[in-house]
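Take a look at the letters that make up each chain.
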Amino acid sequence: SPDLRRATSPKRTMGCCGPTDDTPWTYEKMNKNRKCTDVIFLLAYLAFMVGMAIVGILGFSEGDPAALLFGTDYEGELCTDDYPTRYFPNPYELILAKDATHAYGFKDVKSICVKDCPSPTGTSAAPLNWVCNYPDSSDGRGNTAMTRAEWAAADYDYFASLNATFKTDSYNNKGPCYPVLLHTVNTYETCTFYGDQDTAAQTELNTILVAASIVPGLEHNLGTAVSALSTFVADQIAGPSAIMARYIDDFAQAWVVCLVMGFIAPFLLSFVWMGVLRYFTGLFAYLIILMTNVGAIGITLYLYMKAGIIGGDEISAYAGDSAADSATNYVDPSEENQEVLGYCAHFSAVLAVLLLIFTLIMLKRVAIAVAVIKVATQAITAAPSVVFFPIAPVLLAFGFGAYWLAAAVYIYSSGENVLRSCDLSDASLAPKKYCASPNDPLNCHCGYETEMDENMQYMLMYHLFGLLWTTQFLQAITYLTLASVFATFYFGGGSYGNSLSGWLNTPALQSFRKMTWFHSGSAAFGSFLVALLQFIRIVVAYMVHQMKKAGKDNIVVKYAACVIQYCLWYLQKIIEWINRNTYIMIAIEGKSFCWSAWEALSLIFNNILTVGAVNIIGDMLLFLGKFSVAAVAGLLAFLMLDSDTYTTGDSKVSSPLLVVIFCVVFGFIIASLFMSVVEMAIDTTLLAFCKDCKIHGGKPKFAPPLLESVLGKAKDKNAKKSGEDTA
């Protein structure tokens, strides 16, 4: 008939994100008759990735990470493999840089590139040795008769060959030579000070200074400054390396514990928890509801007791036991508190009654929520390999992150080495204080730093957005794949059919091929929205940081930045929530991103109470599962480390703390990864159930037996609602 032809003929309309297919939904259409969606966004993503590859190639070709590792010397040259280590010949400059109130910092302190870190090596005949500028120093204050190799072979010392003027300048720490009074050690290619000042060297220096009619200053006696110098240099180049070394050794000794309790045990415990959800979800759900109501009633009764309305346990301000009862003309100052508590008790009673009424209304929906969670766990146990599917995108994200980090380092290091801006106006302050020729820019200048030009800055920002977009894209593909798996299970009546034929044709792999082929464009669109918000948040945080450095972070700016950051974070969470449900609808119906987002929101708001019940119960149970898995993994790790194997002998660990924390953190991460699959199964089952009701006039046709068994009379009631689930 004409009406039947109109009902069955395909309709193609243009949606906000491309053509929308209005063909009536069928199970066969969900699995076979799909069309590509949001292709323009996939093309945009691929074009962006080509640009990102070009940016990476430019970074690798022009950058030099050694500039970040080795640093530069006083001539602005990079310390090379031949002379890789930075040495500060005038240590007192570091003290001045640490305490400076003018424009002068660590990068402005004079440094020299050396092979090995110098230390006092004087003899009884010559107790003082020196470290001098490069023999071919750019300011002309060197020793051109020497080569760099000869300079290094002489332990960087050509003081004896200097003329009288250069020697006098050297006595005043103006170069070209500087006395070596402190011991140093190579730490991350930087000479760090340690130990005590060499007494013989310092005594010899004082003798020389007195003979030259120079009064020794603080820079000539560093005995009390070694600790401060070492701390300052370490803070600039590294963290508490000694502690980390011990912890790394602990990991080496307890690697079996980390492997078993940090990885294997959380997987097994997560499977155990899924079994608990499968068979005891109802018990947990009703127990939570009961405890919530009992708690509300208990708080109400407690407030009534303390207000003196029930019993005689009201609060009192009097310290004695019975004096207040016999005292005359006594006014208890706590009566006002009792009155306030009375109002609180009445308010609590109203809330407790409303909560009880709401609980009674929600009991039917709680039963549906329990059934949805059970179906979700059943879908996972029917195809357990789906649990391991998210591991592949995670590993791929880690691999891409490693590439991104390497490329970012090369891009960042591809800038130009330029002179910094520091204070050269006051001759009594460093660095001008230690300049032999204050008016010579080759001798008296600030330090050097790598400065990125504007194009490189834009490239780095482009590179950063590529990281955000790609990680979100991988997450979107994962969501689409999992949603397709669980939607197939639901609309298959609680079965995967012939989708379990072999390891290479599992439901997860079938869904992955289908989703990536047809809906990568939708994944690119959704991931772009989240990545854009993340990028804006990073830019705002950077701007706030720069304003703080510039001293412009007044209280108004602080509060405004805080509000903006919070709003952006909240908006990002809303978009992420919409995306998850949109991907589920794409997996079910195969339509464009915008249409699927609208349909998902429509189903959710039309079934808000049922959705709320499922989310509240599901989130509580999943968090309890994550917490339990992490806690048990940490406890078992502690018990293993408390055994004789790790408390005595060669495998002894210095402290079990970090190993246990490692197991707890990775246990929580693995449990979260596992529970994210369960959460996606719950959300997909719920939306599939709502869609099933909408398609079939309020009476779900494809509901798995486990869900169908708890619907009971609800299905007959829903059938009267003209296809609308009034939950």
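Below is a summary of the structure that appears in this document. Here the structure is a predicted model, which is why all the values come from computation and not from measurement.

What counts, and where the lines are drawn
- Residues numbered from 1 in each chain as written.
- Predicted model: local features only at pLDDT ≥ 70, side-chain atom pairs only at ≥ 80, totals over all residues.
- Heavy atoms only, no water.
- Phe/Tyr/Trp six-rings, centres within 6.5 Å; stacked < 30°, edge-to-face > 60°.
- Helix = DSSP H or I, 4+ residues; strand = E, 2+ residues; numbered from the N terminus.
- Lys NZ or Arg CZ within 6 Å of the ring centre and 35° of its normal.
- Axes fitted to C-alpha atoms, helices over the stretch in contact; angles between N-to-C directions.
- Parallel < 35°, antiparallel > 145°, perpendicular 65-115°, else oblique.
- Left-handed = near helix turned anticlockwise from the far one by under 90°.
- Contact = heavy atoms within 4.5 Å.
- Nonpolar A, V, L, I, M, F, W, Y, C, P; charged D, E, K, R; others polar.
- Buried < 20%, exposed > 50% of the residue type's maximum accessible area, 1.4 Å probe, protein only.
- Core = buried A, V, L, I, M, F, W, Y, C linked by side-chain atoms within 4.5 Å.
- 1 Å grid on protein atoms, 1.4 Å probe; cavity = no way out; pocket = protein on both sides within 12 Å on 5 of 7 lines; lining within 4 Å.
- Points joined across faces, edges and corners; volume = space filled by probe spheres on them.
- Disulfide = S-S within 2.5 Å.

A few points about the packing of aromatic side chains
And step 1. One pass over the full model with this rule turns up 32 aromatic pairs.
And step 2. Relative to Trp 151, the ring of Tyr 83 lies with its centre 6.1 Å away and its plane at 45°, an arrangement referred to as tilted. Note that Tyr 83 is positioned in the loop between helix 4 (66-69) and strand 3 (85-87) and Trp 151 in helix 6 (residues 148-153), a separation of 68 residues in sequence.
And step 3. With centroids separated by 5.0 Å and ring planes inclined at 80°, the aromatic side chains of Tyr 490 and Phe 491 adopt a geometry described as edge-to-face.
And step 4. Through successive ring pairs, a cluster of aromatic residues spans Tyr 45, Phe 48, Tyr 462, Phe 465, Trp 469, Phe 473, Phe 528 and Phe 535.
And step 5. A cation over an aromatic ring shows up here: Lys 115 above the ring of Tyr 83, its NZ or CZ 4.9 Å from the ring centre.
And step 6. The ring of Trp 595 is capped by Lys 591, whose NZ or CZ atom sits 3.9 Å from the centre of that ring.

Some points on the packing of helix 17 (residues 555-589) against helix 21 (residues 657-695)
And step 1. Running from N to C, helix 17 and helix 21 point in directions that differ by 60°, and their axes come no closer than 10 Å. It follows from the interaxial angle that helix 17 and helix 21 lie oblique. Here helix 17 runs over helix 21; the crossing is right-handed. Here Arg 580, Asn 581, Ile 584, Met 585, Ile 588 and Glu 589 of helix 17 come into contact with helix 21, specifically with Glu 679, Met 680, Asp 683, Thr 684, Leu 687, Ala 688 and Lys 691.
And step 2. Its residues assigned to classes, the contact of helix 17 with helix 21 shows 6 nonpolar, 2 polar and 5 charged.

Description of the side chain of Asp 169
And step 1. Position of Asp 169 relative to the elements: it lies in helix 7 (residues 164-171).
And step 2. Asp 169 gets classed as buried once you look at its relative accessible area, which sits at 15%.

Thoughts on unusual backbone geometry
Comment: phi is negative for the bulk of residues other than glycine, and the bulk of peptide bonds are trans.
And step 1. For the peptide bond that leads from Gly 175 to Pro 176, omega is 15°, which places it in the cis range.
And step 2. Mapped onto the elements, Pro 176 comes out in the loop between helix 7 and strand 6 (177-179).
And step 3. A cis amide bond links Ala 430 with the next residue in sequence, Pro 431, at an omega value of 5°.
And step 4. Residue position: Pro 431 is located in the loop between strand 9 (416-419) and strand 10 (448-451).

A short note on the nonpolar core
And step 1. Membership of the largest hydrophobic core comes to 85 residues, with the highest contact counts inside it found for Ile 380, Val 386, Phe 486, Tyr 490, Val 678, Ile 682 and Leu 707.
And step 2. In terms of residues, this core owes the most to one element, helix 15 (residues 454-491), which gives 18 residues.
And step 3. Aside from chain neighbours lying at most four places away, what touches Ile 380 is Met 274, Val 386, Val 387, Phe 486, Val 677, Val 678 and Ala 681.
And step 4. Of all hydrophobic cores here, the second largest spans 44 residues; its members include Tyr 92, Ile 95, Phe 106 and Val 131.

Concerning the layout of surface pockets
And step 1. If you add up the space inside the second largest pocket, you get close to 500 Å³.
And step 2. If you tally residues by element for the lining of the second largest pocket, the top one is helix 15, at 6 residues.
And step 3. Counted by class, the lining of the second largest pocket contains 9 nonpolar, 5 polar and 2 charged residues.

Considerations on the environment of Ser 170
And step 1. Assignment of secondary structure puts Ser 170 in helix 7.
And step 2. Along the backbone, Ser 170 and Trp 130 are 40 residues apart, and their C-alpha atoms lie at a distance of 9.4 Å.
And step 3. In this view, Ser 170 contacts Trp 130, Phe 159, Leu 162, Gly 175, Pro 176, Cys 177 and Pro 179; residues no more than four positions away in its chain are not counted.

Describing the state of the cysteines
One way to say it: the disulfide is the covalent bond shared by the sulfur atoms of two cysteines.
And step 1. Summed over the entire model, instances satisfying the criterion amount to 5 disulfides.
And step 2. With a sulfur-sulfur separation of 1.9 Å, Cys 132 is cross-linked through a disulfide to Cys 177. A torsion of 100° about the S-S bond marks the disulfide between Cys 132 and Cys 177 as right-handed. Highlighted residues: Cys 132 in strand 5 (residues 130-132) and Cys 177 in strand 6, separated in sequence by 45 residues.
And step 3. Across the disulfide from Cys 422 sits Cys 446; the S-S distance is 1.8 Å. Here the S-S torsion is close to -95°, and the disulfide linking Cys 422 with Cys 446 is therefore left-handed. Of this pair, Cys 422 sits in the loop between strand 9 and strand 10 while Cys 446 sits in the loop between strand 9 and strand 10; the two residues are 24 residues apart in sequence, bridging distant segments of the chain.
And step 4. On the basis of relative accessible area, Cys 422 is assigned to the buried category, the value being 14%.
And step 5. On the accessibility criterion, Cys 446 (6% relative accessible area) is buried.
And step 6. No disulfide involves Cys 693; its sulfur sits 6.6 Å from the nearest other cysteine sulfur, which is in Cys 690.
And step 7. For Cys 693, a relative accessible area of 0% puts it in the buried group.

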